[in-house]
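# A closer look at the structure
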Amino acid sequence: MTALVVEGVNKYFGDVHVLKDINIEVNQGEFVVFVGPSGCGKSTLLRVIAGLEQANSGNVSIDDKLVNAVPPAKRGIAMVFQSYALYPHLNVRGNMTLALKQARLNKTVINERVAKVSQMLDLEDYLHRYPSELSGGQRQRVAIGRAIVREPKLFLFDEPLSNLDAALRINTRIEIANLHKQLSTSMIYVTHDQTEAMTLADKIVVLRDGVVEQTGTPMELYNNPANQFVAGFLGAPAMNFLPADLLSNGDTRTIGIRPEDLAINANGQLKTRVQHVEHLGGDTNLIVQLNQHQLTVRLFGQHNVEESSNVNLGFDTSRALYFDTNGARLD
Amino acid sequence: MHGALILYMLIALFPVFVILINSFKTRKKIFREPLALPDSESFTLIGYETVLKQGEFFSYFQNSMIVTVASLFLILLCGAMAAYALAEYQFKGNKWMALYLALGIMIPIRIGTVAILEMMVATNLVNTLWALILVYTAQGLPLAVFILSEFMQQISDELKNAARVDGLSEYQIFLTIVIPLVRPALATVAVFNMIPIWNDLWFPLILAPAEETKTLTLGSQVFIGQYVTNWNAVLAALSMAILPVLVLYMIFSKQLIRGITSGAVK
Ligand SMILES: Nc1ncnc2c1ncn2[C@@H]1O[C@H](COP(=O)(O)OP(=O)(O)OP(=O)(O)O)[C@@H](O)[C@H]1O
Ligand SMILES: [Mg+2]
C-alpha cells in the first residue's frame, strides 16, 4: 500500500504556473521531506495534498484512494502549520480536542487520546493554558499534539521549526524524529533548510520553481546529484563550483567539489589566497579566493592557517562532479 | 499628556454635568444660577415626576431600546457576514462589491428621506418600529462592512485552514473562529452606531411619529412648547436618556480590550 500518490499535478494562480507536473510517491511509514528555496511551491503542494487548494489538473490518492474531491477533514491527514495556527480563544485541551469533537468521537476516547498525547509531548501541565500563555516551543508542541490526537494516516508538516530559535530547533527536530519512530505513520515534512532535510528524511524531494528536480535518499542526493542545483542546495558548507577552464584550457564544463574533498597540498593545482578562517572547534573552514572565485575548504580538526597567506589546494578528481552550461550533470 | 486628556474630559463632561445638576433644581434656580449645585432650598424632583407621570416615558424608553438594540444586532450580523464574504472568498466582482458597499459611508442616508418614506408607505411600515430598525441598519452597514472586512483580512489563512482540516464547516469557521477574533472590531462598530441611533430625531419624526412608536428623543419634545418649555421635564428626560447608553457603552467597551489574538500565530 502507498500512503500517498501525487500524479501529474499542475497548479496555477492566475497566470502563474506554481506547480508543474508534480509526481511523487510516499510509501507506508516513510518520512519524506520536500525541500527547496523560498517560493518554490512547497506549501502550495502541501495544501493541494491536504485538500485546502484545488489543483488545476492531476490526481492525489491517499492510502490508494483517490481523494481529489474529498474535503480536508475526511482525507485522513493532519497538518502542522508554519505559524502554529492555534485557536487563540481555546485552551490547549480545546485546541487538541476540537477535531475529535467535530468527528463526534465519544468522550472517553477523546480523554484517553489527550492524556496519551499530552504525556508524550510533556504538555500535561499546560492543558488549561491559552496559546498566548505559552512559549514558542510549547506552542509548537501543542500544534504537533493537535495533529497527533487525530491519529491520521498521513502527517503534513509545513516548516514546523521555522519560528523556533536554533537550540530549540535542534531539540524539536530530534523529537520529531523520535515521534516518527514511535508512531511509524507516514510523514511529509516541508522545509527550506537542507540540514533538516538531510537529518530527518528517509526520502528527499528537491523542488525548484514548481518542478521536482530530484527524488532520493539523502545520501543518494548528496553523492549523486542529478544537476548543479541539487548539488549546490544539499550540504553545508555548500559545494564549490569552478569553471573547468581553470584546470584545462577550453573546457566549458563546470566542476563541483565538496568542501571536505579539498585539501591543502603543496603540489595542488589550485593556487589560492586565504581570505578568512572559521574555527568551529571540530572543523576549520577556510574561505579562499581563486582568481575571482570563492571556495570553501572544510578541514577536520583544528588548523592554524594564516589569513591572507597563499595555499595550494588539491582534490581527488574521482570525487569531483561535472556539469554542463545548463547545470545538467555530466559523467 | 495626562493633563491634556483630563482637560478634554472636563470639557466633554461639562454639559452632561450641567444637565444633571439642573434636572434636580427648581425652574427659577435653573435660570438664576445655572451652574450652582442643588441645595436643600432649590432641590426638587418635579421634573422627574412630570416625565414619569405625563410623558408615557416608559413606552418611549422601550421603543428607543428596541430600535437601538435590534438595529445594532442586524448591523453586526449582516455586516459581519458581508465582510467575511468579501474578505475571505475571491469571486468575480469582489472588489466592485466592496466599493459599492463602502460608498454608503460617504453618502448621508438622509438625502433619500423622501424615497424612504415612499417606500415605507408602500410597504405599510410607517409608524412601526421596523421602519426605524431597517433604516438604521441600512445606515450603519457601510461602515460596519468596511471596518470588519479590514479586520477579517488580518486573520491568518493558516488558522482558517487549520479549522478546515479539523473538520469545521465554513459557517462554523465564521461563527466559532472569526467572530470571536474580531470582537474588538464588533464592539467598535457597535459603539460608533449606538449613539447616533439613540439620539436620532429625524427618522422617528418622519417615519414613526405615532404615540405608540415614539422614541425617547421624539417623546421628550412634548415638553418643548412653542411658547413655554418645561425645562425641568426636558432636563430630567435627558438625564434619564443618558443612562441606558452608558450601560450599553460599558458592555461594549469591555469587549474592546485587545490581546486575545496574541498567541494565535507568531
Ligand atoms: N494564494 C496565492 N495567490 C497567488 N500566488 C500565490 C498564492 N499562494 C502562493 N502563491 C505563489 O506561489 C508560489 C509558491 O508559494 P508557496 O507558498 O508554495 O512557496 P513555499 O515554497 O512554501 O515558500 P516558503 O518557503 O517561503 O514558505 C510563490 O511564488 C507565491 O508567490
Ligand atoms: Mg511555505
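Residues numbered from 1 in each chain as written. Chains lettered and ligands numbered in written order. Predicted model: local features only at pLDDT ≥ 70, side-chain atom pairs only at ≥ 80, totals over all residues. Heavy atoms only, no water.

## Thoughts on the site of ligand 1
Residues and elements named next belong to chain A.
- Ser-38, Gly-39, Lys-42, Ser-43 and Thr-44 are the nearest of the 13 residues found near ligand 1.
- One nitrogen or oxygen atom from the side chain of Ser-43 is found 2.6 Å from an oxygen atom belonging to ligand 1.
- Separating an oxygen atom of ligand 1 from a side-chain N or O atom of Thr-44 is a distance of 2.5 Å.
- Alone, ligand 1 offers 630 Å² of accessible surface; in the complex the protein occludes 59% of this.
- Considering each element in turn, the shell around ligand 1 owes the most residues, 4 residues, to helix α1 (residues 42-50).
- Of the residues that constitute the shell around ligand 1, the class distribution is 3 nonpolar, 7 polar and 3 charged. (Near = heavy atom within 4 Å. Polar contact = N/O pair within 3.5 Å; in protein donor to acceptor, adjacent residues only side chain to side chain. Areas by Shrake-Rupley, 256 points an atom, 1.4 Å probe, with all protein chains shown as cover. Helix = DSSP H or I, 4+ residues; strand = E, 2+ residues; numbered from the N terminus. Nonpolar A, V, L, I, M, F, W, Y, C, P; charged D, E, K, R; others polar.)

## Regarding the side chain of Arg-150 of chain A
- Looking at the secondary structure, you find Arg-150 of chain A in the loop between α4 (136-148) and β7 (154-158).
- In terms of polar contacts, Arg-150 of chain A uses its side chain to reach the backbone carbonyl oxygen of Ile-77 of chain A, at 3.3 Å.

## Some thoughts on the sheet that holds strand β16 (residues 293-300) of chain A
Residue and element names in this part refer to chain A.
- Spatial strand order, β13-β17-β14-β15-β16: 5 strands in an open sheet with antiparallel pairing. Either end of the sheet is taken by a strand with one partner, and the two such strands are β13 (262-264) and β16. Ignoring which end each strand starts from, the neighbouring axes of this sheet average 45° apart.
- Two elements, strand β15 (residues 283-290) and β16, share 8 bridges in a ladder whose sense is antiparallel. Bridge pairing links Asn-285 to Arg-298 in β16. (Pairing = 2+ DSSP bridges. Axes fitted to C-alpha atoms, helices over the stretch in contact; angles between N-to-C directions.)

## As for the pattern of salt bridges
- Inspection of the entire model under this criterion finds 17 salt bridges over all chains.
- Among the salt bridges present, the one from Arg-113 of chain A reaches Glu-151 of chain A, with a minimum N-O distance of 3.5 Å. Here Arg-113 of chain A is found in helix α3 (residues 107-120), whereas its partner Glu-151 of chain A is found in the loop between α4 and β7, with 38 residues between them in sequence.
- The salt bridge partner of Arg-150 of chain A is Asp-166 of chain B, with a shortest N-O separation of 3.7 Å. Here Asp-166 of chain B lies in the loop between α8 (157-165) and α9 (170-181) and Arg-150 of chain A lies in the loop between α4 and β7, a pairing that spans two chains. Summarising the burial analysis for this pair, Arg-150 of chain A and Asp-166 of chain B share the class buried.
- A cluster of three or more residues bridged by salt bridges with shared partners is formed by Glu-88, Asp-157, Lys-160, Arg-164 and Glu-170 of chain B. (Salt bridge = Lys/Arg side-chain N within 4 Å of Asp/Glu carboxyl O. Buried < 20%, exposed > 50% of the residue type's maximum accessible area, 1.4 Å probe, protein only.)

## Section: the domain arrangement of chain B
All names here are of chain B.
- What the domain assignment reports for chain B is domain 1 (1-44) and domain 2 (56-261).
- Centre-to-centre separation of domain 1 and domain 2, based on C-alpha positions: 31 Å.
- At the junction of the two partners, domain 1 supplies 11 residues and domain 2 supplies 9 residues.
- Carbon and sulfur atoms supply 67% of the area that domain 1 and domain 2 bury against each other, a total of about 720 Å² over both sides.
- For the domain 1 face of the interface with domain 2, the top three residues by lost area are Ile-19, Ser-23 and Arg-27, together amounting to 59%.
- Between domain 1 and domain 2 we count 2 residue pairs in polar contact (both at pLDDT 80 or more) in total.
- For the side of domain 1 that touches domain 2, the secondary-structure elements that each account for two or more residues are α1 (2-22) and α2 (27-32). (Domains from an automatic or database assignment. Contact = heavy atoms within 4.5 Å. Buried area = accessible area lost by both parts, 1.4 Å probe.)

## Things to note about helix α6 (residues 113-122) of chain B
Residues and elements named next belong to chain B.
- For α6, every residue scored as buried is listed here: Thr-113, Ile-116 and Met-120. Down the axis of α6, the smallest arc covering the buried residues is 60°, so these residues share one side. Looking at α6, the residues exposed on the side facing more than 90 degrees away from the buried face are Val-114, Glu-118, Met-119, Val-121 and Ala-122.
- For α6, the elements touching its buried residues are α7 (129-153) and α11 (202-207).
- One or two residues past the end of α6 sits Asn-124, with phi positive at roughly 60°. (Arc of directions from axis to C-beta.)

## Digging into the environment of Leu-37 of chain B
All names here are of chain B.
- Examined against the element boundaries, Leu-37 turns out to sit in the loop between α2 and α3 (46-54).
- On the accessibility criterion, Leu-37 (55% relative accessible area) is exposed.
- Sequence-wise, Leu-37 and Gln-139 are 102 residues apart; in three dimensions their C-alpha atoms are separated by 40 Å.
- Not counting residues up to four positions away in its chain, the partners in contact with Leu-37 are Phe-17, Ile-21, Lys-25 and Ser-42.

## Focus: the sheet that holds strand β3 (residues 31-35) of chain A
Residues and elements named next belong to chain A.
- Ordered by their spatial adjacency, 6 strands build an open sheet running β6-β7-β8-β3-β9-β10, and the pairing between neighbours is mixed. At either end of the open sheet lies a strand with only one pairing partner, and these are β6 (77-80) and β10 (211-216). Strand-to-strand twist in this sheet, taken as the mean axis angle between neighbours without regard to direction, amounts to 15°.
- Examined bridge by bridge, β3 and strand β8 (residues 186-191) share 5 bridges and lie parallel to one another.

## Considering a nonpolar patch on the surface
- On the surface, Leu-103, Ile-105, Met-106, Ile-107, Ile-111 and Phe-146 of chain B cluster together into a nonpolar patch covering about 620 Å² of accessible area.
- Within the fold, Ile-105 of chain B resides in the loop between α5 (94-103) and α6. (Patch = residues over 30% accessible without salt bridge, like charges linked within 9 Å, V, L, I, M, F, W, Y side chains within 5 Å.)

## Some details on the packing of α4 of chain A against helix α5 (residues 166-183) of chain A
Residue and element names in this part refer to chain A.
- The interhelical angle for the contact between α4 and α5, taken along N-to-C directions, is 15°, at an axis separation of 12 Å. Here α5 runs roughly parallel to α4, going by the angle between their axes. With respect to the hand of their crossing, α4 and α5 are arranged in right-handed fashion. Side by side, α4 and α5 meet where Gly-137, Gln-140, Arg-141, Ile-144 and Ile-148 of the first sit next to Leu-168, Thr-172, Glu-175, Ile-176, Leu-179 and Leu-183 of the second.
- When its residues are assigned to classes, the contact of α4 with α5 shows 6 nonpolar, 3 polar and 2 charged. (Parallel < 35°, antiparallel > 145°, perpendicular 65-115°, else oblique. Left-handed = near helix turned anticlockwise from the far one by under 90°.)

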